[in-house]
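Here is how the chains run, residue by residue.
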Amino acid sequence: MMSTYVEKKMMVPDNIVLKCLIERLSKLDCATKGWVLRGYPRSRHQAEALTEAGYAPNRVYFLDCPTDTIVERLSLRRTDPVTGGQYHLIYNPPPSLEMKRRLKTNPKDSEGSVDEDVVAYESQLDELVDYYSTAQTVNADQDPHTVFESIESLLVKPLPKQSLKPATMD
């Protein structure tokens, strides 16, 4: 269903994405163990549709990070086509010069592509922050391990008595 859009490098329509998400989130493992979405919803409309479908998240985190740090982290990611290993030229460099020479960059990790994604994200951010009024913001302008620990510490805290409720448009 989505492959046609992906192959043509087109945005997958919201209704198709939501249908796929609902199908996956309704499976037993998600119902019993929970689920994590990264990069979705991207707009208030998607957030509302997810909630209306009965899948409002009980926790939402926004990672706050300057654009230059985002570009550095994403544009310096590399993949080894031989082993499939993933590397970062600063945080997790390849172990040898031979391997470094054969590393490939995913086109979506180019600086231009990352910049476009950041602009798109920032254009929707205020609406998402407004919708998920009890969401927490994490300072992501730290080393990746510290960011992970910050998120982990928030995840292990018990949920509040009420689950996360979206803001209403009164």
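Above this text sits the structure in question.
These lines cover the structure that appears in this document, whether it is placed above or below. (Residues numbered from 1 in each chain as written. Predicted model: local features only at pLDDT ≥ 70, side-chain atom pairs only at ≥ 80, totals over all residues. Heavy atoms only, no water.)

Once that is clear, we can look at the packing of aromatic side chains. Considering all chains together, one arrives at 1 aromatic pair under this definition. Measuring from centroid to centroid gives 5.0 Å for Tyr131 and Tyr132, while their planes differ by 80 degrees, and the two rings are edge-to-face. Taken as a pair, Tyr131 and Tyr132 share a single burial class, namely buried. (Phe/Tyr/Trp six-rings, centres within 6.5 Å; stacked < 30°, edge-to-face > 60°. Buried < 20%, exposed > 50% of the residue type's maximum accessible area, 1.4 Å probe, protein only.)

This next bit is on helix α5 (residues 67-75). For α5, the complete set of buried residues consists of Thr69, Val71, Arg73 and Ser75. On the buried face of α5, the contacting elements are β2 (77-79), β3 (86-88) and α7 (111-131). (Helix = DSSP H or I, 4+ residues; strand = E, 2+ residues; numbered from the N terminus. Contact = heavy atoms within 4.5 Å.)

With that settled, consider the nonpolar core. Counting residues in hydrophobic clusters, the biggest one holds 18 residues, and the most contacted among them are Tyr40, Leu50 and Tyr132. Listed by contribution, the elements that provide at least two residues to this core are α2 (14-25), α4 (44-52) and α7. Ranked by the residues each element gives to this core, the list is headed by α2, at 5 residues. Beyond its immediate sequence surroundings of up to four residues, Tyr40 is in contact with Val17, Leu18, Leu21, Gln46 and Leu50. Counting residues in each nonpolar core, the second largest holds 5 residues, with Cys65, Ala140, Val147 and Leu154 among its members. (Core = buried A, V, L, I, M, F, W, Y, C linked by side-chain atoms within 4.5 Å.)

Here α4 crosses α7 at 30 degrees, and the two axes come no closer than 9 Å. On the basis of the axis angle, α4 is roughly parallel to α7. Note on element contacts: α7 touches α4 through Gln124, Glu127, Leu128, Asp130 and Tyr131, opposite Arg44, Ala47, Glu48 and Thr51. (Axes fitted to C-alpha atoms, helices over the stretch in contact; angles between N-to-C directions. Parallel < 35°, antiparallel > 145°, perpendicular 65-115°, else oblique.)

Let us now look at a negative patch on the surface. A cluster of acidic side chains, namely Asp64, Asp68, Glu72 and Asp141, defines a negative patch on the protein surface. When you line up the elements, Asp141 lands in the loop between β4 (136-139) and α8 (144-156). (Patch = residues over 30% accessible without salt bridge, like charges linked within 9 Å, V, L, I, M, F, W, Y side chains within 5 Å. Areas by Shrake-Rupley, 256 points an atom, 1.4 Å probe, with all protein chains shown as cover. Salt bridge = Lys/Arg side-chain N within 4 Å of Asp/Glu carboxyl O. Lys, Arg positive; Asp, Glu negative; His and termini not counted. Charge placed at Lys NZ, Arg CZ, Asp CG, Glu CD.)

Let us look at unusual backbone geometry. Residue Pro41 follows Tyr40 across a cis peptide bond; omega there is 0 degrees. Inspection of the secondary structure puts Pro41 in the loop between α3 (28-33) and α4.

Below, the discussion takes up the packing of α5 against α7. Packing of α5 against α7 brings their axes to within 10 Å, and their N-to-C directions diverge by 135 degrees. Relative to α7, the element α5 lies oblique. In the crossing of α5 with α7, the sense of the turn from one axis to the other is right-handed. The segment α5 lies against α7, with Thr67, Ile70, Val71, Leu74 and Ser75 engaging Glu111, Val114, Asp115, Val118 and Glu122. Of the residues assigned to the contact of α5 with α7, the class counts are 5 nonpolar, 2 polar and 3 charged. (Left-handed = near helix turned anticlockwise from the far one by under 90°. Nonpolar A, V, L, I, M, F, W, Y, C, P; charged D, E, K, R; others polar.)

Turning our attention to the state of the cysteines. Two cysteines form a disulfide when their sulfur atoms are joined by a covalent bond. Applying the stated criterion to the full structure yields 0 disulfides. Lacking any disulfide linkage, Cys20 is separated from the closest cysteine sulfur, that of Cys30, by 13 Å. (Disulfide = S-S within 2.5 Å.)

This part takes up the side chain of Thr69. Relative to the assigned elements, Thr69 resides in helix α5. Here Asp141 takes part through its side chain, which lies 3.3 Å from a polar atom of the side chain of Thr69. (Polar contact = N/O pair within 3.5 Å; in protein donor to acceptor, adjacent residues only side chain to side chain.)

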